[in-house]
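# Descriptive structure summary
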Amino acid sequence: MKKSKKSIIKLEPSVKEHIWGGTKLKEKYDKKSNNKIISETWELSAHKDGPSIIASGKYKGVKFNEYISIMGHEILGSKSERYTDLPILIKFIDTADDLSVQVHPDDEYALKYEKDYGKNEIWYVVDCESDSYLYCGFSKDISKDEIRQRISDGTLLEVLNKVPVFKGQNIFIKTGTVHAIGKGLLICEIQQSSNVTYRLFDYNRIDKNGEKRPLHIDKALDVIDCKKFEIDQINKDEPTTAEKSLDYQKLIECEYFSVERYSIQDHIELYGKKDSFISIVVTEGEGSIYAEGEKLDFKSTDCFLIPAGESKIEIIGKCTFLKVHL
Ligand SMILES: [Zn+2]
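Reading the values: the criteria
Residues numbered from 1 in each chain as written. Predicted model: local features only at pLDDT ≥ 70, side-chain atom pairs only at ≥ 80, totals over all residues. Heavy atoms only, no water. Phe/Tyr/Trp six-rings, centres within 6.5 Å; stacked < 30°, edge-to-face > 60°. Helix = DSSP H or I, 4+ residues; strand = E, 2+ residues; numbered from the N terminus. Buried < 20%, exposed > 50% of the residue type's maximum accessible area, 1.4 Å probe, protein only. Lys NZ or Arg CZ within 6 Å of the ring centre and 35° of its normal. Domains from an automatic or database assignment. Contact = heavy atoms within 4.5 Å. Buried area = accessible area lost by both parts, 1.4 Å probe. Salt bridge = Lys/Arg side-chain N within 4 Å of Asp/Glu carboxyl O. Polar contact = N/O pair within 3.5 Å; in protein donor to acceptor, adjacent residues only side chain to side chain. Nonpolar A, V, L, I, M, F, W, Y, C, P; charged D, E, K, R; others polar.

Named according to an unreviewed UniProt entry, the protein is Phosphohexomutase originating from Alkalibaculum bacchi.

Listed below in structure tokens is the structure:
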């Protein structure tokens, strides 16, 4: 296939159906699946366990990892040179039930034992029910023996920080931090491109085949941070009215990814650079995106990729979106 010029592309997600998933992604956001329940949509992914699919232009229908091979790794930008693939993964998560209590390894451990990357992740709460919450880190210093004991007697949640959730909240989960996302949430997660999760506790749930999902307690204890989690470092207070009206907020800038939120009333211009691709993920509203001489319409939860390089990106509409880059 002769490669055509670089252009903005719209992506179609790879869809997942874990037991705790909900119906919002299919019913409210029109994601395609044969199953009513969708737990996750991997919107921007080149991961082997679920690459997203090109949904616009000449390469429509091509898997995103194959698209990178066709177009050349340089579409990801110079900051991606040290990775063989797209280094991040963007997904939506819809929870009708609680997720397992889990932890993710860092790069060193994951590359050694799982042949995958570590998983630092940030959550942006797109929507939630009024009484929803999640768990993040230990509420005290704890020993590995006590963690084991609490897993076996079902009291692990008692030593985790329970955090009330609000729309627009963002929480960075560093590798090694124990966590559990509660039910009633729609989250946009930006993470390293990894599919390594170690489950500590799964509420003794059984799946549709009558089986419990496996736990990975030894590996989890290898990578877990046993220190008290400093809860002040997370964004846990509802924003004031003044903060809510801000049209721009930097959520994170770290060695793995940068995420910024924009809320616009009519239009904005953004500029692409050579060092990184840009992904635009819409979390509310609708409009159109123009870049590289092309125009694509969007609605909430749509996801786009603009290849690395100097470019002007114009977004028109009344919407909130995340701009993700390296
Ligand atoms: Zn996680």
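There's more to say after this.
On to the packing of aromatic side chains. Per the stated rule, a full pass over the model turns up eleven aromatic pairs. Here the aromatic rings of Tyr83 and Tyr117 are separated by 5.6 Å at their centres, their planes lie at 75°, and the arrangement is edge-to-face. Of the two residues, Tyr83 is situated in the loop between helix H2 (64-71) and strand S5 (88-95) and Tyr117 in the loop between helix H3 (107-113) and strand S7 (121-128); the sequence distance between them amounts to 34 residues. Centre to centre, the rings of Tyr133 and Tyr135 are 5.7 Å apart; their planes meet at 80°, and the pair counts as edge-to-face. A relative accessible area of 21% means that Tyr133 is categorised as partly exposed. Residue class for Tyr135 comes out buried when judged on its relative accessible area of 10%. The ring of Trp42 has Lys16 sitting right over it, with the charged end atom 4.6 Å from the ring centre. The ring of Tyr133 carries the charged tip of Lys162 above its face, separated from the ring centre by 4.1 Å.

We note that the domain assignment places domain 1 (9-235) and domain 2 (242-325) within the protein. In this structure, domain 1 and domain 2 have C-alpha centres spaced 22 Å apart. Facing 35 residues of domain 1, the contacting portion of domain 2 comprises 32 residues. In this assembly, domain 1 packs against domain 2 so that about 2800 Å² is buried in total across both faces, 67% of it on carbon and sulfur atoms. Across the salt bridge formed by Lys10 and Asp302, the nearest N and O atoms sit 3.3 Å from each other. The interface formed by domain 1 and domain 2 holds ten residue pairs in polar contact (both at pLDDT 80 or more) in total. Within the residue set of the side of domain 1 that touches domain 2, elements represented by two or more residues are strand S1 (9-12), strand S3 (40-44), S5, S7, strand S10 (170-173) and strand S12 (185-192). The residue makeup of the side of domain 1 that touches domain 2, split by class, is 17 nonpolar, eight polar and ten charged.

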